[in-house]
Amino acid sequence: GNSVTQMEGPVTLSEEAFLTINCTYTATGYPSLFWYVQYPGEGLQLLLKATKADDKGSNKGFEATYRKETTSFHLEKGSVQVSDSAVYFCALRRIQGAQKLVFGQGTRLTINP
Amino acid sequence: ETGVTQSPTHLIKTRGQQVTLRCSSQSGHNTVSWYQQALGQGPQFIFQYYREEENGRGNFPPRFSGLQFPNYSSELNVNALELDDSALYLCASSDGTSGGNTIYFGEGSWLTVV
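Residues numbered from 1 in each chain as written. Chains lettered and ligands numbered in written order. Predicted model: local features only at pLDDT ≥ 70, side-chain atom pairs only at ≥ 80, totals over all residues. Heavy atoms only, no water.

### Quick word on the nonpolar core
Counting 26 residues, the largest nonpolar core has A:W35, A:L48, A:F73, A:L75 and A:Y88 as its most contacted members. Going through the elements one at a time, β3 (19-21), β4 (23-26), β5 (32-38), β6 (44-50), β8 (62-65), β10 (86-93) and β12 (107-112) of chain A are the ones with two or more residues in this core. Among the elements that make up this core, the one with the highest residue count is β10(A) (4 residues). In this structure, A:F73 is in contact with A:C23, A:L33, A:F34, A:W35, A:L48, A:K49, A:A50, A:A64, A:T65, A:Y66 and A:C90, ignoring residues within four places of it in sequence. Of all hydrophobic cores here, the second largest spans 20 residues; its members include B:L11, B:V32, B:A87 and B:L111. (Core = buried A, V, L, I, M, F, W, Y, C linked by side-chain atoms within 4.5 Å. Buried < 20%, exposed > 50% of the residue type's maximum accessible area, 1.4 Å probe, protein only. Helix = DSSP H or I, 4+ residues; strand = E, 2+ residues; numbered from the N terminus. Contact = heavy atoms within 4.5 Å.)

### Notes on the sheet that holds strand β9 (residues 75-77) of chain A
All names here are of chain A. The 4 strands lie next to each other as β3-β9-β8-β7, forming an open sheet whose pairing is antiparallel. Only two strands of the sheet have a single partner each, and these edge strands are β3 and β7 (56-59). Each adjacent strand pair in this sheet contributes to an overall mean axis angle of 15 degrees, direction not counted. In the sheet, β7 pairs with β8 via 4 bridges, with the strands oriented antiparallel. When the bridges of β8 are listed, N59 appears paired with F62. (Pairing = 2+ DSSP bridges. Axes fitted to C-alpha atoms, helices over the stretch in contact; angles between N-to-C directions.)

### Description of the pairing of β12(A)
Residue and element names in this part refer to chain A. Side chains T107, L109 and I111 of β12 all project onto a buried face; the interleaved residues R108, T110 and N112 project onto a face where none is buried. In this sheet, β12 lies alongside strand β2 (residues 11-14) in parallel orientation, the contact comprising 4 bridges. Bridging from a neighbouring strand, V11 pairs with L109 of β12. Of the pairings in the sheet, the one linking β10 to β12 comprises 3 bridges and is antiparallel in character. Bridging across to β12, Y88 finds its partner in T107.

What follows is the structure in structure tokens.
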């Protein structure tokens, strides 16, 4: 079946540090890949997405590249801010069929000033 | 602001009771899905509605049921509540079912079962 495995948290960094959150997936076919962010007490917000191999999604300084050969979609940011503190979820979705997102377990990120 | 609104935002129910959660999808979106997010976990897919018909379901028992109305708003009903049903329930909408379409989430309804 389809599944997503994320780097276990929590992750604590200092402001302006480089961030990587690892995400690997198992899927039949070629899914679309997503990163969602959840700020405290809020719902999920789409951060970025990639719909085919070698696509790079980017938003708000975050980037992730769809790597079919390593079945990965790692999230990176060159210089994090305190406001980036949140829980980050990697997810996949099949191209056809139900609008079913399969999520990883989430990685809690805390940025200290 | 995603345009997906859910109500109520918080509620407390007693084991064995029934609950109805409501969702208004973003304007023009004909597909609605529901997710359950237990504390510290990723969201789990419950089911999806496309043009008023259920067209996908996750691994949830039949006491989880839903409806989609002609204006594409939706309800999630849970009967015979159990303690483990305590979670954040998220509604999501999109335009169609294509894998590349963006899915927008509401802020969720926090359900506590005591």
